[in-house]
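Here are the chains, one letter per residue:
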Amino acid sequence: MFNLTAIREQTILNIRDFDGWYGQKQILKNINMDIYKNKISAIIGPSGCGKTTLLRSINRINDEISDYKTSGEIIFEGKNIYDKDVDLTLLRKKIGMVFQKPVPFPMSIYDNVAFGLKIHGIKDKRKRDEIVKLALKRAALWDEVKDELDKPARELSGGQQQRLCIARALAVDPEILLLDEPTSALDPIATQKIENLIEHLSEEYTIIIVTHNLAQATRISDYMYFMYQGELIEWGPTRIMVRSPKKQLTEDYLNGKIS
């Protein structure tokens, strides 16, 4: 499973012996993987293999599901994020998440991006204005909306809404950005914009993306993690995984024999 050779990268997240259950059903089974700083990591695998559950476990958003429980560790900044004294608000500030379907809040474009800033106590209007502008620029949306920041966010197109959600996550200055199938509901042109954006953002942020789109994972990711039936089968640099996977299951999936 561990097929990194002499590569030396700086890790930002370490997942060790991690299991996850919904009630009595085990969804994640002994996951061990490292995530590298300022790289794009793509989690791939067939539907129902545990990709999204793992992603949602990385900033503990699954805590909102009453019967979800875990064992093992996810180490971030030298600490297990599942320790009892972890501040979830601060954790989710540092590890932001964008969902499969864009979910703009029922408020203006500006207020969507500024929402997290108010929660984290940034009261100065001028400072908020600067951060909102920067976040929208980083999300490649500023030029399209700069003259209509008071417009309801839900009037934006699907692709614009997704970039708005990315801007909202970026506004609170995360270190890691989790993306769950961020282009699955978008047309090809909007998808290309998001992919270009993800590649650009990886210069400043660590990106973890769940995708069913193998071509997309191959195009944009630096590292690939293949999951099957709750297990992490194999992971490593994308170029190596695609060219010479070590496990037969991985090869079968990459060749379309498993869907």
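Criteria and thresholds
Residues numbered from 1 in each chain as written. Predicted model: local features only at pLDDT ≥ 70, side-chain atom pairs only at ≥ 80, totals over all residues. Heavy atoms only, no water. Core = buried A, V, L, I, M, F, W, Y, C linked by side-chain atoms within 4.5 Å. Buried < 20%, exposed > 50% of the residue type's maximum accessible area, 1.4 Å probe, protein only. Helix = DSSP H or I, 4+ residues; strand = E, 2+ residues; numbered from the N terminus. Contact = heavy atoms within 4.5 Å. Axes fitted to C-alpha atoms, helices over the stretch in contact; angles between N-to-C directions. Parallel < 35°, antiparallel > 145°, perpendicular 65-115°, else oblique. Left-handed = near helix turned anticlockwise from the far one by under 90°. Nonpolar A, V, L, I, M, F, W, Y, C, P; charged D, E, K, R; others polar. Pairing = 2+ DSSP bridges. pLDDT = per-residue confidence, 0-100. Salt bridge = Lys/Arg side-chain N within 4 Å of Asp/Glu carboxyl O.

This part takes up the nonpolar core. One finds Leu136, Ile166 and Leu177 to be the most contacted residues of the largest nonpolar core, which totals 47 residues. It is helix α6 (residues 158-171) that contributes the most residues to this core, seven residues altogether. Discounting chain neighbours no more than four positions away, the residues touching Leu177 are Gly96, Val98, Ile166, Ala169, Leu170, Leu201, Thr206, Ile207 and Ile208.

We now examine the packing of α6 against helix α7 (residues 188-201). As a packed pair, α6 and α7 sit with axes 9 Å apart at the nearest point and diverge in direction by 20 degrees. By the criterion of interaxial angle, the relationship of α6 to α7 is roughly parallel. In the packing of α6 onto α7, the handedness of the crossing is right-handed. Residues Gly159, Gln162, Arg163, Ile166 and Leu170 of α6 form the contact with α7, whose participating residues are Ala190, Lys193, Ile194, Leu197 and Leu201. In terms of residue class, the contact of α6 with α7 is made up of six nonpolar, two polar and two charged.

The strand order across the open sheet built from six strands is β6-β7-β8-β3-β9-β10, with neighbouring strands paired in mixed fashion. A single partner strand is all that each edge strand has here, and the edge strands are β6 (95-98) and β10 (231-237). Ignoring which end each strand starts from, the neighbouring axes of this sheet average 15 degrees apart. Summarising the sheet, strand β3 (residues 40-44) and strand β9 (residues 223-228) pair through four bridges and their orientation is parallel. In the sheet register, Ala42 faces β9, and the bridge partner there is Met224. Together, β6 and β7 (176-180) form the strand contacts of α6, whose direction differs from that of β6 by roughly 170 degrees. Against the sheet, α7 touches β3, β7 and β8 (206-210), its axis set at about 145 degrees to β8.

Low pLDDT marks regions whose predicted coordinates should not be analysed in detail. Across the protein, the average pLDDT comes to 93, with 97% of residues at or above 70. Within the model, pLDDT remains below 50 along residues 1-6, and this stretch shows 19 contacts once partners closer than five positions in the same chain are excluded.

What follows concerns the pattern of salt bridges. For the structure shown, the criterion picks out 13 salt bridges. Note that Asp111 and Lys118 form a salt bridge whose closest N and O atoms lie 3.8 Å from each other. Look at Asp111 and you get partly exposed, because its relative accessible area is 27%. Of the residues examined, Lys118 reaches a relative accessible area of 45% and is grouped as partly exposed. One salt bridge in this structure joins Glu148 and Lys151, with 3.9 Å as the shortest N-O distance. It is possible to trace a salt-bridge network through shared partners that takes in Lys79, Asp83 and Asp85.

Ordered by their spatial adjacency, four strands build an open sheet running β2-β1-β4-β5, and the pairing between neighbours is antiparallel. For this open sheet the edge positions go to β2 (25-36) and β5 (79-80), each flanked by a neighbour on one side alone. Where strand β1 (residues 11-22) meets β2, eight bridges bridge the pair, whose relative direction is antiparallel. Counted as the bridge partner of Tyr22 is Lys25 from β2.

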